[in-house]
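Here's the letter readout for the chains.
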There are 2 protein chains.
Amino acid sequence: MTETIEIIKRRRCVRKYKPDQIPDSALNEIMECALLAPNAMNQQKWHFTVIQDEEILKKITEVSRENLLKSGSERMVQRASDPDYSPFFNAPTVIIISADSQARFVQLDCALAAENILLAAESLDIASCIMTSPEMIFKSEKGRELMKELKIPEGYEHVCTITLGYRDGDRPEPKPRNKGVITYLK
Amino acid sequence: MTETIEIIKRRRCVRKYKPDQIPDSALNEIMECALLAPNAMNQQKWHFTVIQDEEILKKITEVSRENLLKSGSERMVQRASDPDYSPFFNAPTVIIISADSQARFVQLDCALAAENILLAAESLDIASCIMTSPEMIFKSEKGRELMKELKIPEGYEHVCTITLGYRDGDRPEPKPRNKGVITYLK
């Protein structure tokens, strides 16, 4: 087994982080890997917003909290009422990936780049989680304002968000996988 | 730099393959990596059709050729008129990734799995290409029939196709990347 295959197999989404920030050298390597992902016709209609500013993360958390409190879902209201609530599990680095909503195949492009981020990070012993749920944050009116503040390009939509940091606790077990989704025609 | 980062950085889409087939042991490792990709709520609404049967690959090629000849595009007609035409660059292994068209976030799920396939393959010195264009093949009436023959589950749509094999010639250079697509908020 190659190191790469080992990294792919062992990587899991982590939802509990230590407060320690990841080094810039690691972040730079990881982001270089993101940009080298294959993408349709090298269109690169993607954008990566790397947030390590605690004030900004708090602001996003508050908009998210407000949305959840208004959601009408008891489970969501309960989650948002926790004073320690964080949509990003208090990870010190958050990467919002957005894409030009008019371009084709951008969901694929962004996810290919996202997997590079997750695997490059894991190979540096940096834990990660990938989420689609933060799109909820940006769909509210305050969320739209937030996108401007975060300098997400006009006309770009949230595709997914990645958290990065050091794992606090054990690596989670993988959820069961259905092997019946592969057809071999030999 | 970790091996994984090196693999991510050096991997390119390859469009010229030797006829040699990849070993089953490699294919099995690669497909295991595909299934271990993160995916929304572990929904696994994806399907992987691994084709190594030359007759089936020829059949898909003929449907694709027919579509191109009817396309009205001079460039396409010219491409399809080449007796050696292959939408898959004559790669010995082709993986069609499809997904439940009703499920959310499946484009992301499939691309995360696709990147695992590409990187696991590269780490085993197996070259690859990822393409969205084969969706054209499956949009025609004959293409729809083909999907049934390939046992792609009902209600599933083509997301992307991956070719695997041994590179014939040099590894292509990466296309230039725009570093301005990253915003750092520290």
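Just so we're clear, the structure is a prediction, and the values are computed from it rather than from any experiment.

Here helix 5 (residues 106-123) of chain A crosses helix 5 (residues 106-123) of chain B at 50°, and the two axes come no closer than 8 Å. Here helix 5 of chain B runs oblique to helix 5 of chain A, going by the angle between their axes. As for the relative orientation of helix 5 of chain A and helix 5 of chain B, their crossing is right-handed in sense. Counted together, A:Gln107, A:Leu108, A:Ala111, A:Leu112, A:Ala114, A:Glu115, A:Asn116 and A:Leu119 of helix 5 of chain A and B:Gln107, B:Leu108, B:Ala111, B:Leu112, B:Ala114, B:Glu115, B:Asn116 and B:Leu119 of helix 5 of chain B form the full contact between these two elements. The residue inventory of the contact of helix 5 of chain A with helix 5 of chain B, partitioned by class, reads 10 nonpolar, 4 polar and 2 charged.

Of all residues except glycine, most have a negative phi; of all peptide bonds, most are trans. Residues and elements named next belong to chain B. Even without glycine at this site, Met41 takes up a positive phi of about 55°. Note on Met41: relative accessible area 68%, which makes it exposed. Residues other than glycine seldom take positive phi values, yet Asn90 does so here, at roughly 55°. Take Asn90: it is sitting in the loop between helix 4 (74-81) and strand 2 (93-100).

Placing chain A over chain B gives an RMSD of 0.0 Å and needs a rotation angle of 180°, together with 0.0 Å of translation along the axis. Overall, the copies show the geometry of a two-fold rotation axis. Within chain A, A:Thr4 has its C-alpha nearest the rotation axis, a separation of 2.4 Å. A share of 100% of the interface residues of chain A reappears at the interface of chain B, consistent with the copies meeting face to face through the same patch.

Once that is clear, we can look at the pattern of salt bridges. Applying the stated criterion across every chain yields a total of 26 salt bridges over all chains. Among the ionic pairs, B:Arg10 bridges to B:Glu122, the shortest N-O distance being 2.6 Å. On the criterion of sequence distance, the pair formed by B:Arg10 in helix 1 (residues 3-10) and B:Glu122 in helix 5 is long-range, its members being 112 residues apart. On the basis of relative accessible area, B:Glu122 is assigned to the buried category, the value being 4%. Shared partners join several salt bridges into a network, and the residues in it are A:Arg10, A:Glu122, A:Asp125 and A:Arg171.

A word on the packing of helix 3 (residues 54-69) of chain B against helix 7 (residues 141-149) of chain B. All names here are of chain B. Between helix 3 and helix 7, whose axes approach to 10 Å, the crossing angle comes to 165°. What the angle tells us is that helix 3 and helix 7 run roughly antiparallel. When the axes of helix 3 and helix 7 are compared, the crossing they make is left-handed. When helix 3 is examined against helix 7, the residues Lys59, Ile60, Val63 and Glu66 are found in contact with a partner set consisting of Lys142, Gly143, Leu146 and Glu149.

Okay, the pairing of strand 4 (residues 156-165) of chain A next. All names here are of chain A. Counting buried positions over the 10 residues of strand 4 gives 9, a clear majority of the element. Bridge analysis of strand 2 (residues 93-100) against strand 4 gives 8 bridges, and the strand direction is antiparallel. Across the sheet, the residue bridging to Ala99 is Glu157, located in strand 4. Sheet topology note: the strand 3 (residues 127-131)/strand 4 ladder contains 5 bridges and is antiparallel. Pairing of Ile130 across the sheet is with Ile162, part of strand 4.

This part covers the interface of chain A and chain B. Note: interface size is frequently given as the accessible area lost on complex formation between the parts. Counting residues at the interface gives 67 residues for chain A, matched by 67 residues for chain B. Of the roughly 6,000 Å² buried between chain A and chain B on both sides combined, carbon and sulfur atoms contribute 61%. Across the salt bridge formed by B:Lys9 and A:Glu29, the nearest N and O atoms sit 2.7 Å from each other. Counting across the chain A and chain B interface gives 45 residue pairs in polar contact (both at pLDDT 80 or more). Contributing elements (two or more residues each) for the side of chain A that touches chain B: helix 1 (3-10), helix 2 (24-35), strand 1 (46-51), helix 5 and strand 5 (182-185) of chain A. Taken together, the residues of the side of chain A that touches chain B break down into 35 nonpolar, 16 polar and 16 charged. With 4 bridges connecting them, strand 1 of chain A and strand 5 (residues 182-185) of chain B associate as parallel partners. In the sheet register, A:Ile51 faces strand 5 of chain B, and the bridge partner there is B:Leu185.

What counts as what
- Residues numbered from 1 in each chain as written.
- Chains lettered and ligands numbered in written order.
- Predicted model: local features only at pLDDT ≥ 70, side-chain atom pairs only at ≥ 80, totals over all residues.
- Heavy atoms only, no water.
- Axes fitted to C-alpha atoms, helices over the stretch in contact; angles between N-to-C directions.
- Helix = DSSP H or I, 4+ residues; strand = E, 2+ residues; numbered from the N terminus.
- Parallel < 35°, antiparallel > 145°, perpendicular 65-115°, else oblique.
- Left-handed = near helix turned anticlockwise from the far one by under 90°.
- Contact = heavy atoms within 4.5 Å.
- Nonpolar A, V, L, I, M, F, W, Y, C, P; charged D, E, K, R; others polar.
- Buried < 20%, exposed > 50% of the residue type's maximum accessible area, 1.4 Å probe, protein only.
- Least-squares fit on C-alpha atoms with pLDDT ≥ 70 in both.
- Salt bridge = Lys/Arg side-chain N within 4 Å of Asp/Glu carboxyl O.
- Pairing = 2+ DSSP bridges.
- Buried area = accessible area lost by both parts, 1.4 Å probe.
- Polar contact = N/O pair within 3.5 Å; in protein donor to acceptor, adjacent residues only side chain to side chain.

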